[in-house]
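# Chains, contacts and geometry: an overview
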Amino acid sequence: MKILAIDTSNNTLGVSILNGNTIAGEFITNVKKNHSVRAMPAIEQLMKDCEMKPKELDKIVVAKGPGSYTGVRIGVTIAKTLAWTLNIPISGVSSLKVLAMNGKYFDGYIVPLFDGRRGQIFTGLYEWKNNELVCVKEDRLVQSSEFAEELLQLERPVLFIGNDIDIHRETLQTILGEQAVFADVTQQNPRPSALAFLGSLAAEENVHEFVPEYLRLAEAEANWIQQQKQAGENLEKDGM
């Protein structure tokens, strides 16, 4: 099976092609530039380098979030368009689970994280069991201090992975002490080849019904809901 994997969900732009059990090619950059402009040229160049034509692909895999609202949307849109145009299956994989793959062989829990602003993190809890990455706690958006308190009760080493760990390092280390382990720079970026591998095992989804997992409303949508709530409260006051 020939799989094209796409990840634009965060700062890292990653594209990979998996040909059976072989990584045919992989492209990664970790720069804050416009993924909407750079993603398709990266895909086209990788396909060219791997001497592969789009019609040879058997499946499209995409990192479906959480992460940057715009970044997630770009990757999912490209993936859905390719899957629909080529009439091949699509599979989505948690962006956090892809990052957690970097913690393979760690003897303890694995916590991938992306900064969610205002002291929050997008995160989940993972563990390697029988050579398989298992989700222990589902992905969510949570205060880093609150999540650290939960992890403290587990009484096992916890490996934190991600480019944003330094933002929350002080909070996590203060609460967890020696229980907290922080990944080095070689482990902090999600690998599109890991995404391709996870996607090869993931269930196929209906391309028309496939949706991202933001874990948080877009700011404009959240503001609109707040405005509607405030308007309703004002109406109730006026009616009293």
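Notes on the structure follow. (Residues numbered from 1 in each chain as written. Predicted model: local features only at pLDDT ≥ 70, side-chain atom pairs only at ≥ 80, totals over all residues. Heavy atoms only, no water.)

In this section: the sheet that holds strand S8 (residues 132-143). Spatial strand order, S8-S7-S6-S9-S10: five strands in an open sheet with mixed pairing. Looking at strand neighbours, the two that pair on one side only are S8 and strand S10 (180-182), the edges of this open sheet. Put simply, the sheet's adjacent strands are angled 25° from each other on average, direction ignored. Note: strand S6 (residues 109-117) against strand S9 (residues 158-161), four bridges, orientation parallel. Following the sheet pairing, Ile 110 is matched in S9 by Leu 159. Lying on the sheet, helix H4 (residues 144-152) is in contact with S6, strand S7 (120-129), S8 and S9; it crosses S8 at an angle near 140°. Against the sheet, helix H5 (residues 165-176) touches S6, S7, S9 and S10, its axis set at about 160° to S10. (Pairing = 2+ DSSP bridges. Helix = DSSP H or I, 4+ residues; strand = E, 2+ residues; numbered from the N terminus. Axes fitted to C-alpha atoms, helices over the stretch in contact; angles between N-to-C directions. Contact = heavy atoms within 4.5 Å.)

Pairing between the strands of a sheet is mediated by backbone hydrogen bonds and can be parallel or antiparallel. Strand order in the open sheet formed by five strands is S3-S2-S1-S4-S5, and the pairing between neighbours is mixed. The strands lining the two open edges of the sheet, one partner per strand, are strand S3 (22-30) and strand S5 (90-93). Across the sheet, the mean angle from the axis of one strand to that of its neighbour is 15°, orientation sign disregarded. Inspection of the sheet shows strand S4 (residues 59-63) paired to S5 by four bridges, in the parallel sense. Looking at S5, one finds that Val 61 is bridged to Ser 91. The sheet contacts of helix H1 (residues 35-49) involve strand S1 (2-7), strand S2 (12-19) and S3, and relative to S2 the element is tilted by about 25°. Strands in contact with helix H6 (residues 192-201) are S1, S2, S3, S4 and S5; relative to S2, the strand with the most contacts, it is inclined by about 50°.

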